[in-house]
Amino acid sequence: MKVLRLLAGVAIGIALFASCNSARKTSQDTASGRKKDPEAANAALKIGIMLDRLATDLVSATTGKADILRTGEGINITFQPDFYFESSSEQLTPDAKSLLNEVSGVLNRYPYTEVFIEGHADSSGNQLKNKKLSENRAKSVALYMKAQGVVAERLAIAGYGATRPLASNETPEGRRKNRRVLVKIRANEKKFLASKIQVASK
């Protein structure tokens, strides 16, 4: 019985020792990982500075005519169709073209970004038509930006119809908010960090 008790004690001791070693190794690995991270942190800082400058330039260019939000991933610009499109149409208004000229000009100064253009609709009417209209509106914005010099390879579009509402479709104001074009601007990290332009972001 004493032998069994002794063996049990030894087993517990070994388990505790292994547990402590494992915890110590995990802690060391974490610390080691932190030591290897300065390069990644420096890259993230440069990208963040570039996106901050881009957001500031976009705010200046749009003069309050679009909602611009700096997010953790990049920059979101929300365009309301009441201003940007003819009623129930993908045709851009003259005011929209004027503003997109300014936005495109800013984007051309920041070539190492990618632009995702999303069309959204409210839930009223025929949903298949709404989805097609939302896609066509996103396409209209992309084609106009391309005509202003934004490289086509930077542009991508999607039409979501009423599947991603911001507000309730039960009220006119909610439906107005849901009818929108969302432009998401993200850094092309690989191209940006490999370029000479990132030196200016130090």
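Residues numbered from 1 in each chain as written. Predicted model: local features only at pLDDT ≥ 70, side-chain atom pairs only at ≥ 80, totals over all residues. Heavy atoms only, no water.

(A) Inspection of the overall build of the chain at higher detail. Secondary structure assignment for the chain yields seven helices and five strands. If you list the helices and strands of the chain from N to C, you get α-α-β-β-α-α-β-α-β-α-β-α. Across the chain, contacts joining residues at least 24 apart in sequence account for 70% of those joining residues at least 6 apart. When the accessible surface of the chain is summed, it comes to about 12200 Å², and 57% of that surface belongs to carbon and sulfur atoms. (Helix = DSSP H or I, 4+ residues; strand = E, 2+ residues; numbered from the N terminus. Contact = heavy atoms within 4.5 Å. Areas by Shrake-Rupley, 256 points an atom, 1.4 Å probe, with all protein chains shown as cover.)

(B) Quick look at the environment of aspartate 122. Structurally, the position occupied by aspartate 122 is in the loop between β3 (113-120) and α5 (127-147). Given a relative accessible area of 5%, aspartate 122 falls into the buried group. For the pair aspartate 122 and asparagine 178, spaced 56 residues apart in sequence, the C-alpha separation works out to 5.2 Å. Setting aside anything within four residues of it in sequence, one finds aspartate 122 in contact with Gln127, Asn130, Ala162, Asn169, Arg175, Asn178 and Arg179. One polar contact links aspartate 122 to serine 124, side chain to side chain, over a distance of 2.6 Å. A distance of 2.8 Å separates a polar atom in the side chain of aspartate 122 from a polar atom in the side chain of arginine 179. (Buried < 20%, exposed > 50% of the residue type's maximum accessible area, 1.4 Å probe, protein only. Polar contact = N/O pair within 3.5 Å; in protein donor to acceptor, adjacent residues only side chain to side chain.)

(C) The arrangement of the sheet that holds strand β2 (residues 74-79) in detail. The five strands lie next to each other as β1-β2-β5-β3-β4, forming an open sheet whose pairing is mixed. On the outer flanks of this sheet lie β1 (67-70) and β4 (155-159), each paired with one strand and no other. Strand-to-strand twist in this sheet, taken as the mean axis angle between neighbours without regard to direction, amounts to 15°. Of the pairings in the sheet, the one linking β2 to strand β5 (residues 180-187) comprises six bridges and is antiparallel in character. Considered in β5, the bridge of isoleucine 75 is made with isoleucine 185. (Pairing = 2+ DSSP bridges. Axes fitted to C-alpha atoms, helices over the stretch in contact; angles between N-to-C directions.)

(D) Looking closely at the nonpolar core. Counting residues in each nonpolar core, the largest one holds 35 residues, and the members touching the most others are Ile77, Ile117, Met145 and Val183. Counting residues per element, this core draws most heavily on helix α2 (residues 38-62), at seven residues. Isoleucine 117 has contacts with Ala138, Val141, Ala142, Met145, Leu155, Ala156, Ile157, Ala158, Val181, Leu182 and Val183, leaving out every residue within four places of it along the chain. (Core = buried A, V, L, I, M, F, W, Y, C linked by side-chain atoms within 4.5 Å.)

(E) Geometry of the side chain of asparagine 169. Following the sequence through the fold, asparagine 169 ends up in the loop between β4 and α6 (172-178). On the accessibility criterion, asparagine 169 (16% relative accessible area) is buried. Within the structure, the side chain of asparagine 169 is placed 3.3 Å from the backbone nitrogen of serine 123, a separation counted as a polar contact. When residues no more than four places from it in sequence are discounted, the contact partners of asparagine 169 are Asp122, Ser123, Arg175 and Asn178.

(F) Here's a closer look at the pattern of salt bridges. Overall, the coordinates contain six salt bridges when judged by the stated rule. The salt bridge involving glutamate 118 is made with lysine 184; its shortest N-O contact spans 3.0 Å. Placement of the pair is glutamate 118 in strand β3 and lysine 184 in strand β5, with a sequence separation of 66 residues. When its relative accessible area of 8% is taken as the criterion, glutamate 118 is described as buried. A salt bridge links arginine 179 to aspartate 122; its shortest N-O distance comes to 2.8 Å. Taken together, the residues arginine 179 in the loop between α6 and β5 and aspartate 122 in the loop between β3 and α5 connect sequence positions 57 residues apart. (Salt bridge = Lys/Arg side-chain N within 4 Å of Asp/Glu carboxyl O.)

(G) Up close: the confidence of the model for the chain. Looking at the chain as a whole, its pLDDT mean stands at 82, while 79% of the residues score no less than 70. Predicted confidence in the chain is weakest over helix α1 (residues 2-36), with a mean pLDDT of 43, and strongest over β4, with 97. Below a pLDDT of 50 lies the segment residues 1-34, which in the model reaches zero contacts outside its immediate sequence neighbourhood of four places, other chains included. (pLDDT = per-residue confidence, 0-100.)

(H) Quick look at α5. If you check α5, its first and last C-alpha atoms are 30 Å apart, about what 21 residues at 1.5 Å a residue would give, namely 30 Å. Within α5, burial applies to Asn130, Ser134, Asn136, Arg137, Ala138, Ser140, Val141, Ala142, Tyr144 and Met145. If you follow the buried residues of α5, they end up packed against α3 (81-84), α4 (94-108), β3, β4 and β5. If you check the start of α5, you find a side-chain oxygen 2.9 Å away from the backbone N of leucine 128, and it comes from asparagine 126. Where α5 ends, the next residue or the one after it, glycine 149, has phi of about 105°, a positive value. (Expected span 1.5 Å × (residues − 1).)

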